[in-house]
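So the chains spell out like this:
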Amino acid sequence: MEAERPILNVCCVGAGYVGGPTAAVIALHNPHVRVTVVDKNEQRIRRWNSAHLPIYEPGLGEIVRIARDGSKKCYFSNQPFRGLVHDITEEPDHAPHGTWTVLPARAPNLFFSTQVARTIQEADIVLIAVNTPTKSRGAGAGSATDMTAFEAVTSEVAQHAREGTIIVEKSTVPCRTAELIKKTMEIHRPGVQFEILSNPEFLAAGTAMNDLMHPDRVLIGSSMTDSGLWAAETLKEIYAAWVPQERIITTNVYSSELSKLVANSMLAQRISSINSISAICEKTGANVDEIAKSIGCDPRIGDKFLKAGIGFGGSCFKKDILSLVYLAETLGLEEVGEYWRQVVKMNEYQRDRFSRRVIKCLNNTLVGKKVTLLGYAFKANTSDTRESPALEIIKTLLEEGPKEIAIFDPCCNPVVVKAEIKELLGRKPVLAEDGGPIEIYSSPYAACDGSHAVLITTECDEFRNTPSKTSGKKSSKTKPAQQLEHALLADPRPFNTVKGPTETEILSLHKFLLQYMNPIGYRSEDPMKRYKLEPLCESDCPDCVLIKSSGYSTAGNSGSDRPKEKLDWSKIAYNMNKPRWVFDGKGIIDADELTTAYGINVESIGR
């Protein structure tokens, strides 16, 4: 084995929600390393190589542009903001020595390709980040992990990887998958040495880039042999470019694999636990938010993941719990499996309970009525709709024969939502264009116009309301004065002039300039004048056509600085049918405000 081979090439197999963002951040912080993301899906790779990224995550676009396209040489003042626009970023002429910092030009080191075999062959490290859904048929259907894609990639890696290549599990996989990889490698390449690591991701949709840039931990599992520990140390050096050493944890490979399943299962368990209490609150007059606040003060419990709602969604929680259930059952631990299966059952119960409550309040019939869902993605600030509670709620409402089910989500492309609903519910016509009741809107006001009930199914900031402030002293400061004060506190400068700013620090300055310079007239998506031109699209680019027709990209409303104007609930109330109903499935509505000011009946979970 080549024990001291330098790491110059990293290959990430899988250009999805995990592979693309992870590779982008690794490339950003390791400019000397060539990072290539490969996928056999040509359409997905085309989008990664364009201005139309295939997924929406706040901050992803800025990182991809620097790593994929490279950057221009630029200058910026290293002095904190003083309230003057001209001291932001420009080439200095007569600036005092030491107050301006030069950022050199940067060459591209992030690439996206469909040439899987060749890229694997050139790599020193291969990350496997392909989808591992729950099996839908065969042995273990409904619980076991479908390893079809992972197994196919493993076989391809075994055939093409050079001896000594470090193979890394990024996909969420069952415990002891490393053993499967090892056996596969031995079958295809007997006698050839490879090291297998587990490096699970701990990303949350909507905050994935922040989770990658500022992780609370990076977990690396390896065999306890000398070569295994060396491989773990090698991967650790990649992360150490931006992650503090104390946050990089090393374990044996099986502990690492199991830790990911346990982490997601424990988080989901907390959600189901507080949701079970919300049902009791509704029967007793207690308030679940007050209970969550009270118990959250106990440091042994903490206040995270104690927000009652319509249950968890997304591609991870349910899948990982069921994988844990299947593991326990195959090990003969039936009681353990049943314990964790109950977390999923409670999640489904909470979602169905919400749907039944809507129907009951509307006199047990939806015939001739319009119902609006505000939110389609499974959580705010993402266009990810996988396992979204909203879809299951829609299925239940459809059975009641409504006149219309209107859907609006600020992050999701209406065209994409239509296509997805048609695919998932395509056994009979459900879309309005096909004679069904479901209509997708690009305006929340149009979606709510004439509605009998509005359901809050995603916790978007746009949907929140706050009580009117009719009392209290007004601030003596003017709005500009407050903005200046906030800017002075938020400015990350000055940076260390000896070592120079890190990419994390540069990105924080970029965000600061976007946030605080725009309001005073310095409007630019590139305040540091660092970006190079993005790749040009072909004249027949389907994504450009989609944007022209819908105003959204394939990934949804993917501008990280997109406007988040709060809804005018008075306008919505005025155009709703009486009696007006709002069903708050995410705990983001002040019921007293809507009821008192606009005459809306509000039903909230746990209250």
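You'll find the structure just up there.
Bear in mind the structure is a predicted one, so any value in this text is a computation, not a measurement.

Novice: Tell me about helix H10 (residues 288-296), and name the residues and values.
Specialist: Buried within H10 are the following residues: Val 288, Ala 292 and Gly 296. For H10, the buried positions fall inside an angular range of 65° around the axis, keeping them on one side. Opposite the buried face of H10, by more than 90 degrees, sit the exposed residues Glu 290, Lys 293 and Ser 294. Lining the buried residues of H10 we find helix H9 (253-284). If you check the start of H10, you find a side-chain oxygen 2.8 Å away from the backbone N of Asp 289, and it comes from Asn 287.

Novice: Account for a nonpolar patch on the surface, naming residues and giving values.
Specialist: On the surface, Leu 331, Leu 333 and Val 336 cluster together to form a nonpolar patch covering roughly 260 Å² of accessible area. When you line up the elements, Val 336 lands in helix H12 (residues 334-361).

Novice: Describe the pattern of salt bridges, listing the residues and the values that go with them.
Specialist: Taken as a whole, this structure holds 37 salt bridges when the rule is applied. As a salt-bridge pair, Lys 418 and Glu 433 come within 3.3 Å of each other at their nearest N and O atoms. One end of the pair, Lys 418, is in helix H14 (residues 414-424); the other, Glu 433, is in the loop between H14 and strand E13 (438-440), with 15 residues separating them in the sequence. On the basis of relative accessible area, Lys 418 is assigned to the partly exposed category, the value being 23%. For Glu 433, a relative accessible area of 54% corresponds to the exposed category. Residues Lys 418 and Glu 439 are paired through a salt bridge, measuring 3.9 Å at the closest nitrogen-oxygen approach.

Novice: Summarise the packing of aromatic side chains; cite the residues concerned and give the values.
Specialist: In this structure the tally under the stated criterion is eight aromatic pairs. Seen from their ring centres, Tyr 239 and Trp 242 are 5.5 Å apart, and the 50° between their planes marks the pair as tilted. There is no split in this pair, since Tyr 239 and Trp 242 are both buried. Centre to centre, the rings of Tyr 339 and Trp 340 are 5.2 Å apart; their planes meet at 85°, and the pair counts as edge-to-face. Classification of Trp 340 by relative accessible area gives buried; the value is 12%. A connected cluster of aromatic rings, assembled from ring pairs, spans Phe 305, Phe 312 and Phe 317. Its guanidinium or amino end placed over the ring of Phe 111, Arg 34 lies 3.9 Å from that ring's centre, counting from NZ or CZ. Directly above the aromatic system of Phe 202 lies the positively charged group of Arg 217, at a separation of 3.7 Å from the ring centroid.

Novice: Before we move on, could you go through the sheet that holds strand E14 (residues 453-456) and cite the residues and values that matter?
Specialist: Taken together, the six strands give an open sheet; going across it, the order is E13-E12-E11-E14-E15-E16, and neighbouring strands pair in parallel fashion. Each of the sheet's edge strands pairs with one partner strand only, and the pair in question is E13 and strand E16 (601-604). Direction aside, the axes of adjacent strands within the sheet are offset by 20° on average. Judged from the four bridges that link them, E14 and strand E15 (residues 581-584) form a sheet pairing that is parallel. Along E15, the bridge assignment pairs Ala 453 with Trp 581.

Definitions and limits used
Residues numbered from 1 in each chain as written. Predicted model: local features only at pLDDT ≥ 70, side-chain atom pairs only at ≥ 80, totals over all residues. Heavy atoms only, no water. Buried < 20%, exposed > 50% of the residue type's maximum accessible area, 1.4 Å probe, protein only. Helix = DSSP H or I, 4+ residues; strand = E, 2+ residues; numbered from the N terminus. Arc of directions from axis to C-beta. Contact = heavy atoms within 4.5 Å. Polar contact = N/O pair within 3.5 Å; in protein donor to acceptor, adjacent residues only side chain to side chain. Patch = residues over 30% accessible without salt bridge, like charges linked within 9 Å, V, L, I, M, F, W, Y side chains within 5 Å. Areas by Shrake-Rupley, 256 points an atom, 1.4 Å probe, with all protein chains shown as cover. Salt bridge = Lys/Arg side-chain N within 4 Å of Asp/Glu carboxyl O. Phe/Tyr/Trp six-rings, centres within 6.5 Å; stacked < 30°, edge-to-face > 60°. Lys NZ or Arg CZ within 6 Å of the ring centre and 35° of its normal. Pairing = 2+ DSSP bridges. Axes fitted to C-alpha atoms, helices over the stretch in contact; angles between N-to-C directions.

This is a description of form; function is not addressed.
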